[in-house]
Amino acid sequence: MIRIERRAPMSREAAAGLRLAGVAGALLAGAAFLSATGHDPGQAYLDMLRGAVGSPYAAQQTAVKAIPLALTGLGVALAFHAGLWNIGAEGQLAMGAFLASWAALGLSWPAWALLPAMGLLGLVGGGLWALLPAVPRALWGTNEIITTLLLNYVALLWVDYLVFGPWADPSAFSFPYSRPFPDAARLPLLPGTQVHAGALFVVAIAAALGFVLRRTAWGYEIRVTGHSPRAAAYAGMPVRANVLLVMVLSGAVAGLAGMGEVSGVIGRIQQGISPGYGYSAIIIAWLARLSPWGTVGVAVLFAALINGGFALQTSGVPAAIASMLQALVLFSVLVGDFFVSHRVAVRRGRAAALPAQEAAAEP
Amino acid sequence: MTVHVVLAWLASAVAAGTPLVFAAVGEIVAERGGVFNLGVEGMMLVGAVSGFIVAVHTRDLALAIAVAMGAAAAVALLLAVLTITLGADQAVTGLTLTLFGAGLSSFLGKPYIGIPSPVVFRPVPLPVLGDVPGLGPVLFQQNLLVYASYLLVPAVWAALSHTRPGLALRAAGEDAATADALGLNVAALRYTGVLTGGALAGLAGAYLSLAYTPAWTDNMTSGQGWIAIALVIFATWNPLRAAAGAYLFGGVEALGFRIQAVGGTTPSYFLRMLPYLFTLGVLLVVTMRSRRPGVPGNLGRPYFREERYG
Amino acid sequence: MDVYLQDIRKAFPETVALHGVSFEARPGEVHALLGENGAGKTTLMNILAGLYQPDEGSIWLGGQRRRWRSPAHAIAAGIGMVHQHFKLVPPLTVHENLLLGVRGPLWLHRRRDAARVASLAREHGLDVDPLARVWQLSMGERQRVELLRLILRDARVLVLDEPTSVLTPQESQALFATLRSLARSGRTVVFISHKLEEVLRAADRITVMRGGRAIATLRSQDARAADLAALMVGRHVTPPQPSPPPPGAPVLEVDRLTVPGDRRPLAVREVTLTVHAGEIVGVAGVAGNGQRELAEALAGLRPIASGAVRLDGRPLERATVRDRIEAGLALIPEDRLDVGLVGEMTAADNLILKSYRQPPLSRRGVLDPRAVRARARAALGRFSLAVPAEAPVRLLSGGMLQRLLLARELAEAPRAVVAMSPTRGLDVGAAADVHRALLEAQSRGTATLLLSEDLDELLLLADRLAVMYDGRISAILKRAEFDRPRIGLLMAGGAA
């Protein structure tokens, strides 16, 4: 008889090992899929590895890619800590990029004034966009998964409207992007690298998030609210106000990621400003167990997957393999998590020794 | 003239609402059993691409539909194993399933972008019924899949409320521990619900790629899976209300196209926002009126028998 | 049908629930399974009902060895169990609930099925409306639906888990009469209880369990309450002795308080009560008569319709939860985990749930981990609690959770405490500790409102007793007027 039963949870180290095994399992599943669709998985993974970290340039591009993933991941993680599902990082990023671009295209300020203004507008754009679903969630408990998601489509259509319409670059007929930003609106590169200064946002926000959650009274409220909103209400915590505040902050961080993309990477605003960062962010935060620095680490791993996926395109493998691998990593880690607290027991029950009619108790 | 325009609009509301009918009714079956499947969008995409590929290679629409439903159900099986058997969080698994479905469909569909399907579902006006003034052009000059949806909705409604398996599925979704204690196989019921939901999402996807906008493009569902999930809340888990809601949403979507067609000056981006904004608005109104209207009691909760003792 | 459970062993990940228990019951008898909470009674019966698989041991039914792969097998073999937590699906109707898990035609015929249920109900004197939705029924009615289900399924072995815990004394008597007649018709009836008195009154034979073992089986006419108590507890437990201090000034005053309910317009209607310093006022009543809503409204967790609440003369009815806490009103909620305590957090984190904003725990919004640890050590030390400091509290037993909750709520001698079923589900030792803590708070002048469904507990601790029925206080009795039958009548809505 085979059955699944609970076991005393295994040690932290063993659980971490199981999680790594999960990642390996995902890569194996991906390899099986690649070879089933007529590709050489060994070659594909090698190409991906080269594309992600094969040269100093590739490694730095992976770091650049990790910035929006880490920022949206941190925002999502903060919301998760309060028990909120912010699936709208995608749209919040776009709205942050929108407001930051508005400053970049409209104000001819020097960099020392323009960049902080753009950063602030990025925060505001993402934060306000997150406030929209936060209000009905706080007042009536409206499911924020669905509302944040639907708003993504609205935000992306809004950016489409801008870059095809009023903000379209007149010199690039019908290409979906704005005219380029002035130099004063471009985030500088970190000295000696090709990584833009948005990386500093990641470090600052990860550090701040860790401190706030572990060491402040407000962070304590957030953790209590996330684990048990009823306990938070019982203790007299301002649950509704915190729901609003957390969603706004979560969206603001995503909006800052949008500012980083337009100012640090692209130098203009364009269609498809976020190729799914907000969705990857959910998986990243979940895999990192909501730990701020863990989120940064997983973001780097996912950035490598995405950039590796792009590198594959030259050899004819669709880049979509990267999304599939992200999903497979989460799936196999979920399987691994189950076996942290359960095991499959194969027992030779006494039933085997019993005469058939005794063992059978058919309805 | 005006009557003609209105009838044409209503007919396109039905055509646009049909994929939502399939997807929402499927999600109702899954959720009534207690599983919140956020992977509808991904399952629809898998159905859309696999149906399209089969149609291109075999020119057999029946086979294409069968494969689309089977493929989406297979993807749903992933969610079923993870959430029902392994007790993984339903929300994160469903969201990831959407990412997976989007990736898989984009991967498989790459070579098929921009080629037309050699076979598509075309409108088949029904004799007699199709000639009824008013009603005929709106309801009965549609394609076969639309007619199938007319049969599906009352069938699922009756199955849920008037049959023994339907009662069992509802019990598994309301109170799994109780259903289990009464000798119902909760896991089997939930698997059935999720796989049925998956198959119907696949059908919704195939409707898009083989009937409504016959072609394959990346992410061609453009959020309809999410609208279907919102529709389930709006419909308070009732298939009849879900169908009515789906046509309403279809009407809103069709309205955008109509306005563009008659040369309206509103930029198309704003018209395309309409279905999402309308969904949001409806969701707010529904939740404002009552906090938990008709939610299956154990929706989203995994069930394991030996977890409690005393 | 003869039931014989042989050497049943069952272990759970954290504990061994049954160490090789044997148990037998015969057709025609009412057999009581007596023991404290945690003795393994429910686990043993869940194994008989196929809900759990035994690790070792065997189940014999009518002389045949049986093995259940699922509850369905046990049901088919004629085992029927009424669980303490009723196995009814509240949004479904009575007749739909009775159809669940029963084989039959694919299509359901609402009217025909309902008529069949109604006639069977009349036949057995278990009156209930088949088309009512279960959530609309009282606990006593729900229990009748459960019994109807067993009769409908023609169960030959009937197991009831703590059947009287949700009933008034009168309803309990009616239940035991029904059980007696079911046994007389040749069925085997087993009921689980921890109440000596009802076991002696209603059972033919009694099996006593303690610590996962069956200690003894006796005929009830040979058994004496004192012996049973000794067998059941296995150690000497001194019940705390209340010594009511002279009542002081009024502390908690409730004046014509009316509170809306979730599923009915008014859950609490015009309740007027006063609790004095150093007084324990009990609130008796069958579950669902407004006690929960009253407690939540007093704590500020539920909006009120009208009326006044005063603490030390200060109006509180519009105050926030935080203001009430700071005014010195403590609440021991019904749900220890998920309301009173956060399961995923450590004991130290849980002990600061209400004081995390006060110095020295936090200054200018920054927590001081050393002060938090010091607070935890002090509170745990004062109540001599051996609780791991760094593990999530959900791993603790119910008794430990409640001690932890009391350590926090009673630490700073609150002006008033509202306690909701504080000993539900606890073993005798933990319950005695809870009672001691409440009495100690009383001796320090705390005004206590104790809402409980356990009449014994109320009769032991309360200085005065209010009886609640259908949202109203139907009577307030002084200690001298405490009289079980009269209270039972009031709990059932009768006039005193």
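Predicted, not measured: the structure shown is a model, and the values here were computed from it. (Residues numbered from 1 in each chain as written. Chains lettered and ligands numbered in written order. Predicted model: local features only at pLDDT ≥ 70, side-chain atom pairs only at ≥ 80, totals over all residues. Heavy atoms only, no water.)

1. A look at the overall build of chain B
Okay, so step 1: Scanning chain B from terminus to terminus reveals 12 helices and 0 strands.
Okay, so step 2: Tracing chain B from N to C terminus, the helices and strands come up as α-α-α-α-α-α-α-α-α-α-α-α.
Okay, so step 3: Here the C-alpha radius of gyration of chain B, 20 Å, is about what a compact globule of 310 residues would show, namely 19 Å.
Okay, so step 4: Within chain B, contacts between residues separated by at least 24 positions form 77% of all contacts whose residues are at least 6 apart in sequence.
Okay, so step 5: Per element, the accessible surface of chain B, about 11,300 Å² overall, is 68% carbon and sulfur.
Okay, so step 6: Charged side chains in chain B number 16 positive and 13 negative. The centres of these two groups are separated by 5 Å. (Helix = DSSP H or I, 4+ residues; strand = E, 2+ residues; numbered from the N terminus. Rg over C-alpha atoms; globule rule 2.2 N^0.38 Å. Contact = heavy atoms within 4.5 Å. Areas by Shrake-Rupley, 256 points an atom, 1.4 Å probe, with all protein chains shown as cover. Lys, Arg positive; Asp, Glu negative; His and termini not counted. Charge placed at Lys NZ, Arg CZ, Asp CG, Glu CD.)

2. Here we look at the sheet that holds strand β4 (residues 56-61) of chain C
Residues and elements named next belong to chain C.
Okay, so step 1: Strand order in the open sheet formed by 4 strands is β2-β1-β4-β5, with antiparallel pairing between adjacent strands. Two strands in the sheet have a free side with no partner beyond their single neighbour: β2 (15-25) and β5 (64-66). Averaged over neighbouring strand pairs, the angle between their axes works out to 30 degrees when direction is ignored.
Okay, so step 2: Sheet topology note: the strand β1 (residues 3-12)/β2 ladder contains 8 bridges and is antiparallel. Following the sheet pairing, V3 is matched in β2 by A25.
Okay, so step 3: Where helix α1 (residues 41-48) meets the sheet, its contacts fall on β1, β2 and β4, and the angle it forms with β1 comes to roughly 115 degrees. (Pairing = 2+ DSSP bridges. Axes fitted to C-alpha atoms, helices over the stretch in contact; angles between N-to-C directions.)

3. Looking at the interface of chain A and chain C
Okay, so step 1: Each side of the interface is counted separately: chain A has 32 residues, and chain C has 41 residues.
Okay, so step 2: For the pairing of chain A and chain C, the buried interface totals around 3,300 Å² over both sides, and the portion due to carbon and sulfur atoms is 55%.
Okay, so step 3: Where chain A touches chain C, the interface holds 4 salt bridges.
Okay, so step 4: Among the salt bridges present, the one from R230(A) reaches D335(C), with a minimum N-O distance of 2.8 Å.
Okay, so step 5: Applying the counting rule to chain A against chain C returns 16 residue pairs in polar contact (both at pLDDT 80 or more).
Okay, so step 6: Sort the elements by how many residues they give to the side of chain A that touches chain C and helix α8 (residues 217-227) of chain A lands first, with 7 residues.
Okay, so step 7: Across the side of chain A that touches chain C, the residue classes break down as 17 nonpolar, 4 polar and 11 charged. (Buried area = accessible area lost by both parts, 1.4 Å probe. Salt bridge = Lys/Arg side-chain N within 4 Å of Asp/Glu carboxyl O. Polar contact = N/O pair within 3.5 Å; in protein donor to acceptor, adjacent residues only side chain to side chain. Nonpolar A, V, L, I, M, F, W, Y, C, P; charged D, E, K, R; others polar.)

4. A closer look at the packing of helix α1 (residues 2-32) of chain B against helix α9 (residues 186-212) of chain B
All names here are of chain B.
Okay, so step 1: Interaxial distance between α1 and α9 falls to 6 Å at its minimum, and their mutual angle equals 170 degrees. In terms of orientation, α1 lies roughly antiparallel with respect to α9. Note on element contacts: α9 touches α1 through G193, V194, T196, G197, L200, L203, A204, Y207, L208 and Y212, opposite A15, A16, T18, P19, F22, A23, V25, G26, V29 and A30.
Okay, so step 2: Here the contact of α1 with α9 is composed, by residue class, of 15 nonpolar, 5 polar and no charged. (Parallel < 35°, antiparallel > 145°, perpendicular 65-115°, else oblique.)

5. Looking at the interface of chain A and chain B
Interface size, as often reported, equals the accessible area lost upon joining of the parts.
Okay, so step 1: Each partner contributes to the interface: chain A provides 47 residues, whereas chain B provides 48 residues.
Okay, so step 2: Ranking the residues of chain A by area buried against chain B places W140(A), L150(A) and F331(A) at the top, with a combined share of 17%.
Okay, so step 3: On inspection of chain A and its partner chain B, the count reaches 0 salt bridges.
Okay, so step 4: Here chain A is connected to chain B by 2 residue pairs in polar contact (both at pLDDT 80 or more).
Okay, so step 5: Sorting elements by how many residues they give to the side of chain A that touches chain B places helix α6 (residues 144-164) of chain A first, with 13 residues.
Okay, so step 6: Grouping the constituent residues of the side of chain A that touches chain B by class yields 35 nonpolar, 9 polar and 3 charged.

6. A short note on the sheet that holds strand β8 (residues 188-193) of chain C
All names here are of chain C.
Okay, so step 1: Within the open sheet, the 6 strands sit side by side as β6-β7-β8-β3-β9-β10. Their pairing is mixed. Every interior strand has two partners, whereas the edge strands, β6 (79-82) and β10 (213-219), have only one. Neighbour-to-neighbour, the strand axes of the sheet open up by a mean angle of 20 degrees, direction not taken into account.
Okay, so step 2: In the packing of helix α5 (residues 139-152) onto the sheet, contacts are made with β6 and β7 (157-161), and the angle to β6 comes to roughly 175 degrees.

7. A short note on the pattern of salt bridges
Residues and elements named next belong to chain C.
Okay, so step 1: Counted by the stated rule, this structure contains 36 salt bridges over all chains.
Okay, so step 2: A salt bridge links R424 to E334, with the shortest nitrogen-to-oxygen separation between them at 3.5 Å. With R424 in the loop between β19 (416-420) and α14 (428-443) and E334 in the loop between β16 (329-332) and α11 (347-351), this pair connects stretches of sequence that are 90 residues apart.
Okay, so step 3: Look at R424 and you get partly exposed, because its relative accessible area is 40%.
Okay, so step 4: Under the relative-accessibility criterion, E334 is labelled buried at 18%.
Okay, so step 5: It is possible to trace a salt-bridge network through shared partners that takes in R292, E296, R302, E334, R424 and E453. (Buried < 20%, exposed > 50% of the residue type's maximum accessible area, 1.4 Å probe, protein only.)

8. Considerations on the packing of aromatic side chains
Residue and element names in this part refer to chain A.
Okay, so step 1: Counted according to the given criterion, the structure contains 22 aromatic pairs over all chains.
Okay, so step 2: With a centroid separation of 6.1 Å and an interplanar angle of 25 degrees, the aromatic rings of W85 and W286 are classed as stacked. With W85 in the loop between α3 (56-81) and α4 (89-106) and W286 in helix α11 (residues 277-287), the pair connects residues that are 201 residues apart, well separated along the chain.
Okay, so step 3: Taking the relative accessible area as the measure of exposure, W85 reaches 13% and is therefore buried.
Okay, so step 4: Relative accessible area serves as the criterion here: at 23%, W286 is assigned to the partly exposed category. (Phe/Tyr/Trp six-rings, centres within 6.5 Å; stacked < 30°, edge-to-face > 60°.)

9. Some points on the domain arrangement of chain A
Residues and elements named next belong to chain A.
Okay, so step 1: Per the domain assignment, the segments of chain A are domain 1 (1-39 + 317-346) and domain 2 (68-316).
Okay, so step 2: Here the C-alpha centroids of domain 1 and domain 2 sit 29 Å apart.
Okay, so step 3: Taken together, the contacts link 14 residues of domain 1 with 14 residues of domain 2.
Okay, so step 4: Together domain 1 and domain 2 conceal approximately 1,200 Å² of surface at their shared face, both sides included; 69% is due to carbon and sulfur atoms.
Okay, so step 5: When residues of domain 1 are sorted by the area they lose upon contact with domain 2, V317, Q326 and L330 head the list and together hold 46% of the total.
Okay, so step 6: Counting across the interface, domain 1 meets domain 2 through 1 salt bridge. (Domains from an automatic or database assignment.)

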